[in-house]
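Coordinate analysis (summary)
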Amino acid sequence: MFIPTHMWIYLGMFVLMLCYIFIITKYIKED
Amino acid sequence: MDTINKGYLIGMLLYFVIVLTVGYLAARATRSENDFALGGRSIPPLFLAFSFIMTFTSSSAFVGEPGLAYIFGWPWFWFAIFCMPAVIIPATLITKRLRAYTGSLESLTIPAFLRKRYDSSSVGILATIALFIFYVAAMIAQLKAVTVIFGTMFNLSATLSVIIFTLVVTIYVTAGGFKAVVWTDVIQGSVMVLISIAVGFVAIRSVGGFSGLNSGLAAQGASLVTLTESTFVTPLAVLLMPVWLIFLTAANPYLVMRHMALPDTKKKTLVSYFIYLLILQGVILFTYLGGLSAKVLLPELSNPDYAIPQLIDTLMPSFFGALFFAGIIAAIMSTMDSMLILLSTSITEDIYVPYFRPDLSDKGRLFSQRVGIVVIAVLVAILGLIKLPNLLSLMVFFSVSGAGAAMLGPLCLGLYWDRGTKQGALVSMVLGPLSYAYLQYGMGVNLFIAGVTGGVIALVTMIAVSLATSAPSAEIINRMRAEL
């Protein structure tokens, strides 16, 4: 099935942001 | 549409009844100024995430921005792509500090926080005035969206649309405050998420899949299927778009007030809040696929703002259409109600109480917030009836860019940089929005370039003026950090 370039980038951005959340929240100090 | 669709009418009336009931229930749970402005800081992260996304996407996700997808084709899709980092990156960077600092300094609004952070009533007043100017303009743009929807659905005149809508919003926000805002966002947000996915899916299917969409778009203009285009979504604009969006979501108080309302700053609360935000933002802009498909299915639309309403009317069953239209109205309400609460609380806290009634009781403040909402809503409705903007989303972008440029220096630097001073904040709040407005409207510079330049000028002036003036009191900074 044909998927336009913008849709691939959209999916890629979603995955990237998910990874970002898991990485950055490792640095949150627990209260 | 020549005749009024009864399904739409019943759906809309039902929605108004739900909203007013929620307003009534929330009013019973609202006993203090804190309850009214921030829901008593006891609302679960999932609900706040719904509320943030519904407010951020606002009417422009369903009316204005699909209109831009209709005009510019796939290049406009960059906007949907960059909305995800624009929501997530600022949220991860400012939520914990903002929640902790506003808690320590007992601030219900961003202007109140700035007033205490910089120990300056001028900073609080100037912030309130700047937000008032830009958010009143943003609310007028929301009224334009209302007239588009009610015009398409019920052939209602612009005047009657504005009056009915303003009346409903004013009643439930005045009664239930922030709790009513969040609860209505959750009810409609959950419906809208499902419907955005459905609209995207049905629209793409009706044009014969992505390959059908692209060949249909290409037949109408080669620039509709390219990565960028040469008039508005230029390569430079695409590069600056995420920076501009991040400035907006980091610095617009009507959005970041959700971060302030989190129940606590524990790791578990924050992680779940961020993930909910990402998932909701990820699916809500599938409406752009509707805007693109409308270009193929309805190429002769006189006003691109009508792309999604017309598409729904053409493709969807009546019941579905009623839900969708009620959802759009909810999205419009969720932007307008947040701005009303923020402005009325700011005016009460930063102007009315300190200068006119310093001895006002909590009950009196609550009453003042409610009166403020009615007064501002009436003012917006009157201004809206005098003149409505032509292209909705551009008016919204102007308002949130201006307010963002005003708040970026004092708010975002104020959270991370202890050396920031009140003089820096004051100059930044004036020069940021003025330089943005001059670039865009005085010199005709592209929205994204003007927005980013305005933001950079705001940050640079904040740093330069702060360094040139004496450091703020260490006592306030230490008190602010008490809960971090």
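Residues numbered from 1 in each chain as written. Chains lettered and ligands numbered in written order. Predicted model: local features only at pLDDT ≥ 70, side-chain atom pairs only at ≥ 80, totals over all residues.

Description of the overall build of chain B
When its secondary structure is counted, chain B shows 20 helices and zero strands. Summarising its shape, the C-alpha atoms of chain B cover approximately 65 × 50 × 45 Å along the three principal directions. With 484 residues in all, chain B has 60% of them scored as buried. Long-range contacts, defined here as pairs at least 24 residues apart, represent 84% of the contacts in chain B between residues at least 6 apart. (Helix = DSSP H or I, 4+ residues; strand = E, 2+ residues; numbered from the N terminus. Buried ≥ 20, exposed ≤ 12 C-beta atoms within 10 Å, placed from the backbone. Contact = placed C-beta atoms within 7 Å.)

Some words on the overall build of chain A
When helices and strands are counted, chain A shows one helix and zero strands. Each of the three principal axes of chain A carries a C-alpha extent, and together these read 50 × 10 × 10 Å. The buried share among the 31 residues of chain A stands at 16%.

Section: the nonpolar core
If you look at the biggest cluster of nonpolar residues, it comprises 184 residues, and the most contacted ones within it are Tyr135 and Leu277 of chain B. Among all residues touching Leu277 of chain B, those that are not within four sequence positions of it are Ala49, Phe52, Ile53, Val87, Ile88 and Ala91 of chain B. (Core = buried A, V, L, I, M, F, W, Y, C linked by C-beta atoms within 7 Å.)

Some remarks on the environment of Ile28 of chain A
Within the secondary structure, Ile28 of chain A sits in the segment after α1 (5–25). With residues up to four places along the chain from it excluded, the contact list for Ile28 of chain A reads Lys96, Lys267 and Leu270 of chain B.

Quick notes on the interface of chain B and chain A
The interface of chain B with chain A comprises 22 residues on the first partner and 18 residues on the second. Top element by residues in the side of chain B that touches chain A is helix α5 (residues 77–104) of chain B. It accounts for eight residues. Looking at side-chain class alone, the side of chain B that touches chain A contains 14 nonpolar, five polar and three charged residues. (Nonpolar A, V, L, I, M, F, W, Y, C, P; charged D, E, K, R; others polar.)

Considering the environment of Phe324 of chain B
All names here are of chain B. By the secondary structure assignment, Phe324 is in helix α15 (residues 318–355). In this structure, the C-alpha to C-alpha distance between Phe324 and Pro309, residues 15 residues apart in sequence, is 8.8 Å. Not counting the four nearest positions on each side in its chain, Phe324 is found in contact with Ile195, Ile312 and Met316.

Things to note about the environment of Asp264 of chain B
Residues and elements named next belong to chain B. Among the structural elements, Asp264 can be located in the loop between α11 (253–260) and α12 (267–284). Residue class for Asp264 comes out partly exposed when judged on the 15 C-beta atoms lying within 10 Å of it. Remark: the alpha-carbon pair of Asp264 and Arg99, spanning 165 residues in sequence, is separated by 7.7 Å.

Digging into the packing of helix α3 (residues 45–57) of chain B against helix α8 (residues 158–206) of chain B
Packed helices, taken two at a time, are described by the angle between their axes plus the distance between the axes. Residues and elements named next belong to chain B. Two numbers describe how α3 lies on α8: the axes approach to 8 Å, and their chain directions differ by 80°. Between α3 and α8, the crossing angle belongs to the class labelled roughly perpendicular. Across from Phe47, Leu48, Phe50, Ser51, Ile53 and Met54 in α3, the residues of α8 making contact are Val181, Val182, Asp185, Val186, Gln188 and Gly189. When its residues are assigned to classes, the contact of α3 with α8 shows eight nonpolar, three polar and one charged. (Axes fitted to C-alpha atoms, helices over the stretch in contact; angles between N-to-C directions. Parallel < 35°, antiparallel > 145°, perpendicular 65-115°, else oblique.)

What to know about the packing of α8 of chain B against helix α13 (residues 287–297) of chain B
Residues and elements named next belong to chain B. Relative orientation of the contacting elements α8 and α13 amounts to 30°, with a least axis distance of 8 Å. Taken together, the axis directions place α8 and α13 in an arrangement best described as roughly parallel. Between α8 and α13 lies a crossing of left-handed hand. Seen from α8, the contacting residues are Ser196, Val199, Gly200, Ala203, Ile204 and Ser206; seen from α13, they are Thr287, Leu289, Gly290, Ser293 and Leu297. (Left-handed = near helix turned anticlockwise from the far one by under 90°.)

Comments concerning unusual backbone geometry
What you tend to see is this: most non-glycine residues have negative phi, and most peptide bonds are trans. Residues and elements named next belong to chain B. Positioned with a positive phi, Glu106 is a non-glycine residue whose angle comes to about 50°. Relative to the helices and strands, Glu106 is located in the loop between α5 and α6 (110–117). One non-glycine residue, Asp119, lies in positive phi territory at about 50°. Along the chain, the position of Asp119 falls in the loop between α6 and α7 (121–154). Of the residues examined, Asp119 has 13 C-beta atoms within 10 Å and is grouped as partly exposed.

Observations concerning α15 of chain B
Helix length check: α15 of chain B (38 residues) gives 53 Å between terminal C-alpha atoms against 56 Å at 1.5 Å per residue, within 8%. The sharpest bend along α15 of chain B measures roughly 35° and falls at Thr348 of chain B. (Expected span 1.5 Å × (residues − 1). Bend = angle between axes of the 7 residues up to and from the residue.)

Digging into the confidence of the model for chain B
Considering every residue of chain B, the mean pLDDT works out to 89; 98% of them sit at 70 or more. Predicted complex, confidence summary: ipTM 0.95, pTM 0.89. (pLDDT = per-residue confidence, 0-100.)

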